[in-house]
Amino acid sequence: QVQLVESGGGLVQPGGSLRLSCAPGGGVFSIKAMGWYRQVPGKERELVAEIASGGITNIADSVRGRFTASRDTKNTMFLQMNSLKVEDTAVYYCNLKLNRVMGGYDTYWGQGTQVTVSS
């Protein structure tokens with residue numbers, strides 16, 4: 001079982017910035033992809049940004065040009081969020097997909113961190 005520990009959420013004014021972090025508790029191997037999702041009450045969880053093992057980044061149109069996903073050599077994930085809008089308010093979850101030896105993959109989630117954009 002892989003634990004993902006998130007940090008960095010909070011309250012920010014429109015136009016402001018926040019940086020989210022997500023650290024795996026221990027070593028992880030055979031990463032298929034890692035990224036960020038968000039969810040607001042009453043709606044499905046949606047992809048924000050994802051980095052595949054080959055380095056290709058998939059990012060939602062709604063945040064393109066404002067949000068940047070990255071990772072470091074210890075597989076800690078980051079989401080830099082600039083020019084935040086009220087509609088970015090949500091609980092943000094980090095996500096990690098690990099390949100299985102016999103095919104397929106397992107999915108792990110962080111505990112979620114609240115991001116509120118409000119004046």
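Just above sits the structure.
Let us look at the structure shown here.

Here is what the cut-offs are and how they apply
Residues numbered from 1 in each chain as written. Predicted model: local features only at pLDDT ≥ 70, side-chain atom pairs only at ≥ 80, totals over all residues. Heavy atoms only, no water. Pairing = 2+ DSSP bridges. Helix = DSSP H or I, 4+ residues; strand = E, 2+ residues; numbered from the N terminus. Axes fitted to C-alpha atoms, helices over the stretch in contact; angles between N-to-C directions. Phe/Tyr/Trp six-rings, centres within 6.5 Å; stacked < 30°, edge-to-face > 60°. Buried < 20%, exposed > 50% of the residue type's maximum accessible area, 1.4 Å probe, protein only. Lys NZ or Arg CZ within 6 Å of the ring centre and 35° of its normal.

**Description of the sheet that holds strand 8 (residues 77–81)**
Part 1: Pairing in this open sheet of four strands is antiparallel, and the strands run 1-3-8-7 from one edge to the other. Single-partner strands in this sheet number two, and they are strand 1 (4–7) and strand 7 (67–71). The sheet shows a mean angle of 15° between the axes of neighbouring strands, taken without regard to direction.
Part 2: By the bridge criterion, four bridges tie strand 1 to strand 3 (residues 18–24) in an arrangement that is antiparallel. In the sheet register, Leu4 faces strand 3, and the bridge partner there is Pro24.

**Brief notes about the packing of aromatic side chains**
Part 1: Scanning all chains against the criterion turns up two aromatic pairs.
Part 2: Summarising the aromatic geometry, the rings of Tyr37 and Trp109 are spaced 5.1 Å apart at their centres and angled 75° between planes, so their arrangement reads as edge-to-face. Taken as a pair, Tyr37 in strand 4 (residues 31–39) and Trp109 in strand 10 (residues 105–109) lie far apart in primary sequence, 72 residues in all.
Part 3: Residue class for Tyr37 comes out buried when judged on its relative accessible area of 15%.
Part 4: Relative accessible area serves as the criterion here: at 36%, Trp109 is assigned to the partly exposed category.
Part 5: Considering the side-chain rings of Tyr93 and Trp109, the 6.4 Å spacing of their centres and the 85° angle between planes classify their relative orientation as edge-to-face. Of this pair, Tyr93 sits in strand 9 (residues 90–99) while Trp109 sits in strand 10, and the two are 16 residues apart along the sequence.
Part 6: Given the relative accessible area of 15%, Tyr93 is considered buried.
Part 7: Aromatic rings pair up to connect Tyr37, Tyr93 and Trp109 into one cluster.
Part 8: In this arrangement the basic side chain of Arg45 is found over the ring face of Tyr93, its NZ or CZ atom lying 3.6 Å from the centre.

**A look at the pairing of strand 7**
Part 1: Where strand 7 and strand 8 come together, five bridges link them in antiparallel fashion. Within the sheet, the bridge partner assigned to Ser70 lies in strand 8 and is Phe78.
Part 2: With antiparallel pairing between neighbouring strands as the criterion, strand 7 and strand 8 make up a hairpin whose turn holds five residues, including Asn75 at a positive phi of roughly 65°.

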